[in-house]
Amino acid sequence: MNEKLQAKIDLIADNYITVSKSGRLDMTMVASLGALLFTAENVTADEQKIRDCRKILKDKTGVFSNFRGYTNLATLCRMTMQEDPEAWLDSVLKAYECVAEGKAKLLRSESLVLTAMAIAA
């Protein structure tokens, strides 16, 4: 097998294991998404950094926030890849407020979070 391909497969597997251990996950697909997000950026997941980012996310969002749903892990994974996760989250939250005020209210709440992350990027 091609060495680059094998390295990617190993990275996906390692990232999946790390993401799965980083906290309570309700779905295997969500953990797979997290592993793929890290692998797409050629980054090895860091369990402690995910946990640290989870605390930041909880501190900056409410109990019923749309950031606590299915997009939670995707948000955490993207946060851990940033030099300054808190500043990145602040920019996403600001974009989210703008999107939520506009015509995008027609989108599902999870879509608004993903849209805000794309705008912040």
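Scroll up for the structure.
Residues numbered from 1 in each chain as written. Predicted model: local features only at pLDDT ≥ 70, side-chain atom pairs only at ≥ 80, totals over all residues. Heavy atoms only, no water.

Let's talk about unusual backbone geometry
Turning to step 1, where the next piece is worked out: Unlike most non-glycine residues, Asn42 shows phi in positive territory, near 55°.
Turning to step 2, where the next piece is worked out: Mapped onto the secondary structure, Asn42 falls in the loop between helix H2 (28-40) and helix H3 (47-60).
Turning to step 3, where the next piece is worked out: A relative accessible area of 54% places Asn42 in the exposed class. (Helix = DSSP H or I, 4+ residues; strand = E, 2+ residues; numbered from the N terminus. Buried < 20%, exposed > 50% of the residue type's maximum accessible area, 1.4 Å probe, protein only.)

Description of the nonpolar core
Turning to step 1, where the next piece is worked out: Val19, Phe67 and Met79 are the most contacted members of the largest nonpolar core, which totals 25 residues.
Turning to step 2, where the next piece is worked out: Elements that contribute at least two residues to this core include exactly H2, H3, helix H4 (72-80), helix H5 (85-101) and helix H6 (109-120).
Turning to step 3, where the next piece is worked out: Per element, the largest residue contribution to this core is seven residues, and it comes from H5.
Turning to step 4, where the next piece is worked out: Residue contacts for Met79: discarding those within four places in its chain leaves Cys53, Ile56, Leu57, Pro85, Trp88 and Leu89. (Core = buried A, V, L, I, M, F, W, Y, C linked by side-chain atoms within 4.5 Å. Contact = heavy atoms within 4.5 Å.)

Quick look at the environment of Ala31
Turning to step 1, where the next piece is worked out: Inspection of the secondary structure puts Ala31 in helix H2.
Turning to step 2, where the next piece is worked out: For the pair formed by Ala31 and Ala87, sequence separation is 56 residues and the distance between their alpha carbons is 24 Å.

A few points about H2
Turning to step 1, where the next piece is worked out: Here H2 is 13 residues long and its end C-alpha atoms lie 18 Å apart, about the 18 Å a rise of 1.5 Å per residue gives.
Turning to step 2, where the next piece is worked out: Where the residues of H2 are buried, they touch helix H1 (3-21), H3 and H4.
Turning to step 3, where the next piece is worked out: Asn42, located one to two residues past H2, shows a positive phi value of around 55°. (Expected span 1.5 Å × (residues − 1).)

Re the pattern of salt bridges
Turning to step 1, where the next piece is worked out: By the definition in use, this model includes five salt bridges.
Turning to step 2, where the next piece is worked out: In this structure, Lys60 engages Glu86 in a salt bridge whose closest nitrogen and oxygen atoms are separated by 3.5 Å. With Lys60 in helix H3 and Glu86 in helix H5, this residue pair connects regions lying 26 residues apart in the sequence.
Turning to step 3, where the next piece is worked out: Residue classification places Lys60 among the partly exposed residues on the basis of a relative accessible area of 32%.
Turning to step 4, where the next piece is worked out: A cluster of three or more residues bridged by salt bridges with shared partners is formed by Lys60, Glu86 and Asp90. (Salt bridge = Lys/Arg side-chain N within 4 Å of Asp/Glu carboxyl O.)

Looking at the environment of Arg68
Turning to step 1, where the next piece is worked out: Tracing the backbone shows Arg68 in the loop between H3 and H4.
Turning to step 2, where the next piece is worked out: For Arg68, a relative accessible area of 30% corresponds to the partly exposed category.
Turning to step 3, where the next piece is worked out: Note: C-alpha distance between Arg68 and Ala7 (61 residues apart in sequence) is 32 Å.
Turning to step 4, where the next piece is worked out: In this structure, Arg68 is in contact with Leu57, Lys58, Thr61, Gly62 and Val63, ignoring residues within four places of it in sequence.

Re the packing of H3 against H5
Turning to step 1, where the next piece is worked out: Two elements in contact, H3 and H5, have axes separated by 10 Å at closest approach and are oriented at 40°. Taken as axis vectors, H3 and H5 run oblique relative to one another. Seen along the crossing, H3 lies across H5 with a hand that is right-handed. Across the interface between the two elements, Lys49, Cys53, Ile56, Leu57 and Lys60 from H3 touch Pro85, Glu86, Leu89, Asp90 and Leu93 from H5.
Turning to step 2, where the next piece is worked out: Considered class by class, the residues forming the contact of H3 with H5 number six nonpolar, no polar and four charged. (Axes fitted to C-alpha atoms, helices over the stretch in contact; angles between N-to-C directions. Parallel < 35°, antiparallel > 145°, perpendicular 65-115°, else oblique. Left-handed = near helix turned anticlockwise from the far one by under 90°. Nonpolar A, V, L, I, M, F, W, Y, C, P; charged D, E, K, R; others polar.)

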